[in-house]
Amino acid sequence: MATCETQETAALRARTRRFVEEHLIPYEYEYVRNEVVDETPYVLGPDEHCFYDPKGAAPPDVYTGWVEAAKRDGLGGLDVPREYGGQGIGFAQKMAVIEELGRTPIWFRLPPDAPNLHWLIESANDDQRERYLLPLARGEKSSWINLTEEAAGSDVAGIQTTAVKAEGGWVLNGSKKWVNGSDYVDFRLIMAVTDRDKGTRGGMTAFIVDRDTPGFEVVRRIPTITTALQEVEIKDMFLSDAQVLGEVGWGFAPLTNRLSVRRMEIVASSIGTTKRVLEMMIERAKIRKTFGHPLAERQTIRNWIADSWVKLYAVEQVLRDITERVDAGQRDFRLEAGAAKMLASEMVYEAIDRAMQLHGALGMSKDTPLELFWRWTRITRVAEGASEIQLDVTARELLKRG
């Protein structure tokens, strides 16, 4: 894909690659050994702001150093519009950056969080623009989404959290589970049902919830195969009308656009990871011998390498097609993003599994990043819509279009 890039995109990709190789990859050995999950929710100090998980595998000072280094390398505010003080790069350029960051299993995101940024750009009113969008764009505030529930993951329309109209605002009740950032971000975007009968067509509303809002409680951190997600209880939480994001009842469409952006980030990251893994497979196949012959001479190994590259090449072309469409002005790319995410997450998982098999015991150890790569990519087959759901949604959309 890089051979078809503009000089500007290629230069941005090169800067990101240098950043990853100089700051993130050298820390991998220590990172994979720091994964200790504490189930106690983090308690923010009154003037504390976090753009990362303060209980994560990288200490706060290390993560802050990465953020500052990224800014010095010209990687700050990449897709923040110029009118908000950012660089205003295109979608294809941002995906090139995400791809390079995918070459390491270290969980690192360049602030601000792009999906929420674009959701606010699309839906925030003037007051919310000043209070939330601009501070987020400037890197002064952090945010995350609280969407998933016990019985509503890929099926977003199945959420049960309700918001009932009250004098001057809304009262929310419900719970969220398997969500991220709830105990350390400055504000969360929460989806609630405001009219059960209307469902996704006029009955779901998005709200902005500040940290320390009464009625919002992080019950616990839930250990997973990579990190800790949170379980949240929402009990009689009052929010003023000023906290409604967008139109009452019509929060579903902007949400699906947000999910499309995140799915494309998974696609780009999966490409970067697969390239790194392929490099490791090729290197290992050349030097590792069994019964007097290098693994590179084994037909099975050659097939693994070739098949992984063919699938990588195909997904790269899919990403290129979608980014060109988006940069040309296509706003609704839900169908394409869902299909691409399914292809990419299955591709990278298979490639890593093969790489671990090729490396043998070494591939199962923490002496390589493979086992952490494997755990992260296993999540992508479920997160932002499981592969099976993507197939079903794609089929329904195609049948509807005829």
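A quick note: this is a predicted structure, and the numbers were derived from the prediction, not measured. (Residues numbered from 1 in each chain as written. Predicted model: local features only at pLDDT ≥ 70, side-chain atom pairs only at ≥ 80, totals over all residues. Heavy atoms only, no water.)

Let us now look at unusual backbone geometry. The step from P111 to P112 runs through a cis peptide bond, and the omega angle for that step is 0 degrees. Relative to the assigned elements, P112 resides in the loop between helix 4 (91–101) and helix 5 (114–123). Look at D212: it is not a glycine, yet its phi comes out positive at around 65 degrees. Looking at the secondary structure, you find D212 in the loop between strand 5 (204–210) and strand 6 (216–223). (Helix = DSSP H or I, 4+ residues; strand = E, 2+ residues; numbered from the N terminus.)

If you look at the biggest cluster of nonpolar residues, it comprises 91 residues, and the most contacted ones within it are F19, W66, L101, F108, L255 and M264. Of the residues forming this core, the biggest block, 13 residues, is contributed by helix 7 (residues 252–287). Setting aside residues no more than four positions away along its own chain, L255 makes contact with W119, I145, L147, V156 and M191. Counting 15 residues, the second-largest nonpolar core is a separate cluster that includes I190, V209, F216 and M237. (Core = buried A, V, L, I, M, F, W, Y, C linked by side-chain atoms within 4.5 Å. Buried < 20%, exposed > 50% of the residue type's maximum accessible area, 1.4 Å probe, protein only. Contact = heavy atoms within 4.5 Å.)

With that settled, consider the pairing of strand 7 (residues 228–240). Taken together, the 9 bridges between strand 3 (residues 169–179) and strand 7 define a ladder with antiparallel strand orientation. Counterpart to G174 in the pairing with strand 7 is I234. In sequence, strand 6 turns back onto strand 7 through a hairpin of 4 residues. (Pairing = 2+ DSSP bridges.)

Moving on: the confidence of the model for the chain. When the pLDDT values of the chain are averaged, the result is 92; 99% of them are 70 or greater. Within the chain, the lowest mean pLDDT, 89, falls on helix 12 (residues 387–401), and the highest, 98, falls on strand 8 (residues 244–245). (pLDDT = per-residue confidence, 0-100.)

What follows is about the packing of helix 4 against helix 8 (residues 299–327). Where helix 4 contacts helix 8, the axes come no closer than 8 Å and their chain directions differ by 140 degrees. Put simply, helix 4 runs oblique to helix 8. For the pair formed by helix 4 and helix 8, the contact residues are F91, A92 and M95 on the first element and L319, T323, V326 and D327 on the second. Looking at side-chain class alone, the contact of helix 4 with helix 8 contains 5 nonpolar, 1 polar and 1 charged residues. (Axes fitted to C-alpha atoms, helices over the stretch in contact; angles between N-to-C directions. Parallel < 35°, antiparallel > 145°, perpendicular 65-115°, else oblique. Nonpolar A, V, L, I, M, F, W, Y, C, P; charged D, E, K, R; others polar.)

A few words on the packing of helix 5 against helix 7. As a packed pair, helix 5 and helix 7 sit with axes 9 Å apart at the nearest point and diverge in direction by 150 degrees. One way to sum up the angle between helix 5 and helix 7 is to call them roughly antiparallel. In this structure, the crossing between helix 5 and helix 7 has a hand that is right-handed. Of helix 7, the residues touching helix 5 (which contributes A114, P115, N116, W119, E122 and S123) are P254, L255, N257, R258, V261, R262 and E265. For the contact of helix 5 with helix 7, the class distribution of residues is 6 nonpolar, 3 polar and 4 charged. (Left-handed = near helix turned anticlockwise from the far one by under 90°.)

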